[in-house]
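# Working through the structure, step by step
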Amino acid sequence: MNETLRRDADAIIGASLSAVLPDEAVRRALKAFQPKGGKVMLVAAGKAGWQMARAAVEALGRVDGGVVVTKYGHVKGQISGVDCYEAGHPVPDENGFAATEKALELVQGLTAEDTVLFLLSGGGSALFEKPLLPGGELQDITSQLLASGADIVEMNTIRKRLSGVKGGRFAQRCAPANVFSIVLSDILGDPLDMIASGPAVPDSSTCAQALAIAEKYRLNLSEQAKELLAQETPKALDNVTTRITGSVRELCAAAASACRARGYEPVVLTDRLCCEAREAGSFLGSIVRTHAGQGRKLAFIAGGETVVHLTGKGLGGRNQEIALAAAPALAGLDAAVFSVGSDGTDGPTDAAGGYVDGDTAAALAAKGWNVFDTLKNNDAYHALQAAEGLIITGATGTNVNDVAVALITG
């Protein structure tokens, strides 16, 4: 392993993630918060839910009640006046269903003078859920979508119609109270009705689109699920004010600034990366081969959210696949590629992403790992573990997509 490049990568990751923590973003959005004088109830859902709720309560001083539902391992302590729950992600579980019921109980019976402060971040689609069909069936449909390679917009178009809180239905449950929604975006282009499946936003997707997605991926659906896909979601809401804060654009800008501070010339290639993970890794590797050896320290940055089509039974995540797929192209070069999820988690693993450099391919080969076979088996985690290429940050408290960086030292 190139120790200098690895130190640079770790420093860039740390600085980038610190720059997109939700604390300041929440405080900034709250400057427009003007409750009518009644009760203020807080509901936070998503992987950044605890961090957002803590920042909001610190800024406001107090709330009249609150519920946070976030991913396992993401609650970092008590918040005054707020009950915090952890639940399953990316597949919803019974703890998430129960926590969502607590949130719905909290907003029951409110008046037009009351306000619900709704803090939403990525992961909310799985974590904030009241299924309209048996929980086990919802979990199965979610697993089918994840394995199919469906993108996040396609997944949420389906999930909205199987839920009692998605697609604007949570805001309906809050009425006549007003909802002030602060959204930390984790979807390219920041489409409000798709972030965490838009619990407090009118739904722009249609039943026809949902049914077409089900057919496209040949989802195995019960008759009840098919009937739900044919039921339309709310198309207008008059009790919601929304402020969007934080996005992958900010993450890419932070990464560019961190690269510049380490002496690299940064180039942001895109903040809308949305292809197959291993293709993104191969592409970054190709960019490295084109620009290596020019005597310049360069950094190429790509933010977004790639997808993985499961073809094997290994362990990994999209960021780990990006890194591993770049390894063959980097062989023998003074260069590195790393990719990380801003929330600190990547797939069903304890890693946030992966790192490879010019020494990785040889190190893997010496230990009997074939990169192409490993990618086919979706086992990037164990290969990167063998090459000391896992990036482990722990839960970060934010969630604004992923960032991948290719570093070239000269």
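Quick note: structure is the one above.
Residues numbered from 1 in each chain as written. Predicted model: local features only at pLDDT ≥ 70, side-chain atom pairs only at ≥ 80, totals over all residues. Heavy atoms only, no water.

Our focus in this paragraph is the sheet that holds strand β8 (residues 298–304). In spatial order, the strands read β7-β8-β12-β9-β10-β11; together these 6 strands make up an open sheet with mixed pairing. Both outer strands of the open sheet, β7 (265–273) and β11 (390–391), are each paired with one neighbouring strand and no more. Two strands pair when backbone bridges link them, and strand β9 (residues 335–341) and strand β10 (residues 353–357) are joined in this way by 5 bridges, in the antiparallel orientation. Note on β10: the bridge partner recorded for Val337 is Val356. (Pairing = 2+ DSSP bridges. Helix = DSSP H or I, 4+ residues; strand = E, 2+ residues; numbered from the N terminus.)

Before going further, it helps to spend a moment on the packing of aromatic side chains. Pairs of aromatic rings are described using the distance from one ring centre to the other and the angle between the two planes. In the structure shown here, the tally under the stated rule is 4 aromatic pairs. Ring centres of Phe118 and Phe128 lie 5.7 Å apart, and the angle between their planes is 45°; on these two criteria the pair is classed as tilted. With Phe118 in strand β4 (residues 115–120) and Phe128 in the loop between α5 (124–127) and α6 (135–148), the pair connects residues that are 10 residues apart, well separated along the chain. With respect to class, Phe118 is no different from Phe128; both count as buried. (Phe/Tyr/Trp six-rings, centres within 6.5 Å; stacked < 30°, edge-to-face > 60°. Buried < 20%, exposed > 50% of the residue type's maximum accessible area, 1.4 Å probe, protein only.)

The next subject is helix α12 (residues 277–291). Here α12 contains 15 residues, and its C-alpha end-to-end distance of 22 Å stays within 8% of the 21 Å for a straight helix at 1.5 Å per residue. Among all positions in α12, only Ala277, Ala280, Gly281, Leu284, Gly285, Ile287 and Val288 are buried. Seen end-on, α12 carries its buried residues on one side only, within an arc spanning 155°. More than 90 degrees from the buried face of α12, the exposed residues found are Glu279, Arg289 and Thr290. (Expected span 1.5 Å × (residues − 1). Arc of directions from axis to C-beta.)

Turning our eyes to something else, we now look at the nonpolar core. Core analysis: the largest hydrophobic core is formed by 49 residues, its most contacted members being Leu42, Leu117, Leu119, Ile182, Phe338 and Leu407. Per element, the largest residue contribution to this core is 7 residues, and it comes from helix α11 (residues 248–261). Among the nonpolar cores identified, the runner-up in size contains 34 residues, and Ala302, Ala323, Tyr381 and Ala387 belong to it. (Core = buried A, V, L, I, M, F, W, Y, C linked by side-chain atoms within 4.5 Å.)

The terminal C-alpha atoms of helix α3 (residues 49–60), which comprises 12 residues, lie 16 Å apart, in line with the 16 Å expected from a rise of 1.5 Å per residue. Within the sequence span of α3, burial applies to Gly49, Trp50, Gln51, Met52, Ala53, Ala55, Ala56 and Val57. One or two steps after α3, the chain reaches Gly61, where phi turns positive at roughly 95°.

On to the packing of α12 against helix α13 (residues 318–330). Packing of α12 against α13 leaves a shortest axis separation of 7 Å and a crossing angle of 35°. Both α12 and α13 take part in a crossing whose hand is right-handed. Counting all contacts with α12, which are made through Ala277, Arg278, Ala280, Gly281, Ser282, Leu284, Gly285, Ser286, Val288 and Arg289, the residues of α13 involved are Arg318, Glu321, Ile322, Ala325, Ala326, Ala329 and Leu330. Across the contact of α12 with α13, the residue classes break down as 9 nonpolar, 4 polar and 4 charged. (Axes fitted to C-alpha atoms, helices over the stretch in contact; angles between N-to-C directions. Left-handed = near helix turned anticlockwise from the far one by under 90°. Contact = heavy atoms within 4.5 Å. Nonpolar A, V, L, I, M, F, W, Y, C, P; charged D, E, K, R; others polar.)

It is worth spelling out the side chain of Ser163 at this point. Counting through the fold element by element, Ser163 comes out in the loop between α7 (152–160) and α8 (169–174). Classification of Ser163 by relative accessible area gives buried; the value is 0%. Within the structure, the side chain of Ser163 is placed 3.0 Å from the backbone nitrogen of Val165, a separation counted as a polar contact. Here the side chain of Ser163 touches Lys166 through a polar contact of 3.1 Å, landing on its backbone nitrogen. For Ser163, the residues in contact, after removing those within four places along its chain, are Glu129, Lys130, Leu132 and Arg169. (Polar contact = N/O pair within 3.5 Å; in protein donor to acceptor, adjacent residues only side chain to side chain.)

Our next topic: the sheet that holds strand β3 (residues 82–87). With parallel pairing, 6 strands are arranged side by side in an open sheet as β3-β2-β1-β4-β5-β6. The open sheet terminates on both sides in strands that have one partner only, identified here as β3 and β6 (240–244). Each strand axis lies, on average, 15° off the axis of its neighbour in the sheet, ignoring direction. Pairing geometry for strand β5 (residues 178–183) and β6, over 5 bridges, is parallel. Within β6, the position partnered with Val179 by the bridge is Val240. Against the sheet, α3 engages β1 (40–45), β2 (65–71), β3, β4 and β5, with an angle of about 140° to β4.

Another aspect to go through is a nonpolar patch on the surface. On the surface, Val267, Leu269 and Phe283 cluster together to form a nonpolar patch covering roughly 250 Å² of accessible area. With respect to the helices, strands and loops of the structure, Leu269 is situated in strand β7. (Patch = residues over 30% accessible without salt bridge, like charges linked within 9 Å, V, L, I, M, F, W, Y side chains within 5 Å. Areas by Shrake-Rupley, 256 points an atom, 1.4 Å probe, with all protein chains shown as cover. Salt bridge = Lys/Arg side-chain N within 4 Å of Asp/Glu carboxyl O.)

Residue Pro90 is bonded to the preceding His89 through a cis peptide linkage, with omega at 10°. Among the secondary structure elements, Pro90 is positioned in the loop between β3 and α4 (94–106). With an omega dihedral of 10°, the bond running from Ala175 to Pro176 counts as a cis peptide bond. Mapped onto the secondary structure, Pro176 falls in the loop between α8 and β5. Non-glycine residue Arg218 carries a positive phi angle of around 50°. Of note, the phi angle at Glu388 is positive, near 55°, even though the residue is not glycine. Its place among the elements puts Glu388 in the loop between α16 (380–386) and β11.

With that settled, consider the environment of Tyr355. Structurally, Tyr355 is set in strand β10. Residue Tyr355 is classed as buried on the basis of its relative accessible area, which comes to 2%. As for Tyr355 and Val20, which are separated by 335 residues in sequence, their C-alpha atoms are 21 Å apart. Residues contacting Tyr355, with those up to four places away along its chain left out, are Met1, Asn2, Leu5, Arg6, Ala9, Ala323, Ala336, Val337, Phe338, Leu384, Gly389 and Ile391. A distance of 3.3 Å separates a polar side-chain atom of Tyr355 from the backbone nitrogen of Arg6. At 2.8 Å, the side chain of Tyr355 and the side chain of Asp357 are in polar contact.

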